[in-house]
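So you can see what is in the structure, the chains are spelled out below.
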Amino acid sequence: MRQIVIGAAQMGGIQKAETRAQVVARLLALLDDAAQAGCDLVVFPELCLTTFFPRWYSEDPAEIERWFEPDMPGPETRPVFESAAEKGIAISLGYAELTPDGHRFNTQIMTDQSGQIVGKYRKIHLPGHGAFDPERSFQHLEKHYFEPGDLGFPVFRNLDTWMGMLICNDRRWPEAYREMGLQGVELVCLGYNTPSANSQNASESADLRQFHSDLSVQAGAYQNSTWVVSVAKGGVEDGHHMIAGSVIVDPNGQIVARTKTEADELLVHACDMDATRFGKESVFDFKRHRRIEHYGRITRQTGVIHPDGSEG
Ligand code: CDT
């Protein structure tokens, strides 16, 4: 048995006015809870240091700059890394990354239990739009603020386990899990910020949006026989509500734990990484069963082309 006690560190909303120091204090409190619970690994959500700023349009470089981290850890975030290392807890944490040469990514990193960064992922599936859209009830400007990730879907060794990361919208794309599944991933860590309303369809309910979130991570887990930890930043941010509903999903695709609140809440579950073996050696033994000669379209084209050549 290769057991990892995993803490899904759900966060409630972060208001625009909240400082990094205030947010870091919340992360440290969650880490204290995790140490009490005996966690080996704690997963924090997407963009866990700030409000979900892509819901606001800005072209002001000074305003944009304050959402981004030029260093990780930097002076304000270092206490999180130090506390985790002191406690022997590996962490995965999402933030807005500014590279030394000026590129901006929606990024998630992971440390080992000594605080060394052992994995980095830059979000590939950026949802929303790139220009201000007056038709929407609120904005989702990830394509304005970020470039698509340039690191692929890396899988790395940590805690004697093959691990990978996804970020929010990635969870809706089976290709993302399969890229990692083909590297033998056993644990996928992902964080999300998902509005409880659809800015283009007022009739879509929050329950349906939670269902789509669960469906996506459960399918990804089952079809690749991997654990998935899916962690929300939920609740209200300056009047904008996001779904919570963080879950830990086993390699059968079953939810084994779910948060009860929309606030900062640590969800803990002891996960056996060897539970991934059976699926990987039977129905999802990729080497025996996949038929790549029939999958060419998946990498040849993005949009739909009907058999008669028409698009749409
Ligand atoms: N953060 C993020 O990726 N949120 C998206 C919202 C989609 S609506 C444009 C999500 O997939 O949950």
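Note: the structure precedes this text.
If you're wondering where the values come from, they're calculated on a predicted model, not measured in any experiment.

Caption draft 1: Summary view of the sheet that holds strand β7 (residues 161–167). Here we have six strands laid out as an open sheet, ordered β6-β7-β8-β9-β12-β13, and mixed in their pairing. Among the strands making up the open sheet, the edge pair consists of β6 (155–158) and β13 (255–258). On average, each strand axis in the sheet is inclined to that of its neighbour by 20°, with strand direction left out of account. Bridging between strand β8 (residues 187–192) and strand β9 (residues 227–232) involves six bridges; their strand directions are parallel. By the bridge assignment, Leu 190 is partnered in β9 with Ser 230. The strands touched by helix α5 (residues 174–181) are β6, β7, β8 and β9; relative to β7, the strand with the most contacts, the crossing angle is about 160°.

Caption draft 2: Focus on the site of the ligand. Neighbouring residues of the ligand: 13 residues in total, closest Lys 123, Cys 168, Asn 169, Arg 172 and Thr 194. One of the side-chain N or O atoms of Glu 46 is found 3.0 Å from a nitrogen atom in the ligand. Measuring from an oxygen atom of the ligand, one finds a side-chain N or O atom of Lys 123 at 2.7 Å. A total of 350 Å² of accessible area belongs to the ligand in isolation, and the protein chains cover 88% of it. Among the residues forming the shell around the ligand, the class breakdown is four nonpolar, four polar and five charged.

Caption draft 3: Geometry of the packing of helix α1 (residues 20–36) against helix α3 (residues 78–87). One way to put it is that α1 packs onto α3 with a least axis distance of 10 Å and a crossing angle of 10°. Looking at the two axes, α1 sits roughly parallel to α3. In this structure, α1 contributes Val 24, Leu 27, Leu 28, Leu 31, Asp 32 and Ala 35 to the contact, and α3 contributes Pro 79, Val 80, Ser 83, Ala 84 and Lys 87. Tallied by class, residues from the contact of α1 with α3 come to eight nonpolar, one polar and two charged.

Caption draft 4: Quick look at the side chain of Asp 285. By secondary structure assignment, the location of Asp 285 is in the loop between α7 (277–281) and α8 (286–289). At 2.9 Å, the side chain of Asp 285 and the side chain of Arg 288 are in polar contact. Filtering out sequence-adjacent residues up to four positions away, Asp 285 remains in contact with Gly 279 and Lys 280.

Caption draft 5: Quick peek at the packing of aromatic side chains. All told, the structure shown has eight aromatic pairs when counted by the stated rule. A centroid spacing of 5.0 Å and a plane angle of 85° characterise the contact between Tyr 222 and Phe 284, whose relative ring orientation is edge-to-face. Here Phe 284 lies in the loop between α7 and α8 and Tyr 222 lies in helix α6 (residues 206–224), a separation of 62 residues in the sequence. With a relative accessible area of 38%, Tyr 222 lands in the partly exposed category. The class of Phe 284 is buried, set by a relative accessible area of 17%. The ring of Trp 56 has Lys 16 lying over it, and the distance from NZ or CZ to the ring centre is 4.1 Å. A cation sits over an aromatic face here: Arg 290 above Phe 286, 5.9 Å from the ring centre.

Caption draft 6: Representation of the pairing of β7 within the structure. Judged by how many residues are buried, β7 sits mostly within the fold: six of seven residues are covered. With four bridges connecting them, β6 and β7 associate as antiparallel partners. When the bridges of β7 are listed, Val 155 appears paired with Gly 164. A loop of two residues connects β6 with β7, the two strands running antiparallel in sequence, and Leu 159 in this loop sits at a positive phi of about 50°.

Caption draft 7: Region of the structure containing the sheet that holds strand β1 (residues 3–10). The strand order β5-β4-β3-β2-β1-β14 describes an open sheet built from six strands, whose pairing is mixed. Edge positions in the open sheet fall to β5 (117–122) and β14 (265–272), since each of these has one partner strand only. Geometrically, the sheet is characterised by an average inter-axis angle of 25° between neighbouring strands, direction not taken into account. Two strands pair when backbone bridges link them, and strand β2 (residues 41–43) and strand β3 (residues 90–98) are joined in this way by three bridges, in the parallel orientation. Among the inter-strand pairings, Val 42 is bridged to a residue of β3, identified as Ile 91. Lying over the sheet, α1 contacts β1, β2, β3 and β14, oriented at roughly 40° with respect to β14. Packing of α3 onto the sheet brings it into contact with β3, β4 (104–111) and β5, and relative to β3 it is tilted by some 165°.

Caption draft 8: Geometry of the environment of Arg 172. Tracing the backbone through its elements, the reader meets Arg 172 in the loop between β7 and α5. A residue is classified by how much of its surface remains accessible, and Arg 172, at 32% relative accessible area, is partly exposed. Arg 172 sits 47 residues away from Ala 219 along the chain, and the two C-alpha atoms are 9.4 Å apart. When near neighbours in sequence (up to four residues on either side) are disregarded, Arg 172 contacts Thr 194, His 212, Ser 213 and Ser 216.

What counts and how
- Residues numbered from 1 in each chain as written.
- Predicted model: local features only at pLDDT ≥ 70, side-chain atom pairs only at ≥ 80, totals over all residues.
- Heavy atoms only, no water.
- Pairing = 2+ DSSP bridges.
- Helix = DSSP H or I, 4+ residues; strand = E, 2+ residues; numbered from the N terminus.
- Axes fitted to C-alpha atoms, helices over the stretch in contact; angles between N-to-C directions.
- Contact = heavy atoms within 4.5 Å.
- Near = heavy atom within 4 Å.
- Polar contact = N/O pair within 3.5 Å; in protein donor to acceptor, adjacent residues only side chain to side chain.
- Areas by Shrake-Rupley, 256 points an atom, 1.4 Å probe, with all protein chains shown as cover.
- Nonpolar A, V, L, I, M, F, W, Y, C, P; charged D, E, K, R; others polar.
- Parallel < 35°, antiparallel > 145°, perpendicular 65-115°, else oblique.
- Phe/Tyr/Trp six-rings, centres within 6.5 Å; stacked < 30°, edge-to-face > 60°.
- Buried < 20%, exposed > 50% of the residue type's maximum accessible area, 1.4 Å probe, protein only.
- Lys NZ or Arg CZ within 6 Å of the ring centre and 35° of its normal.

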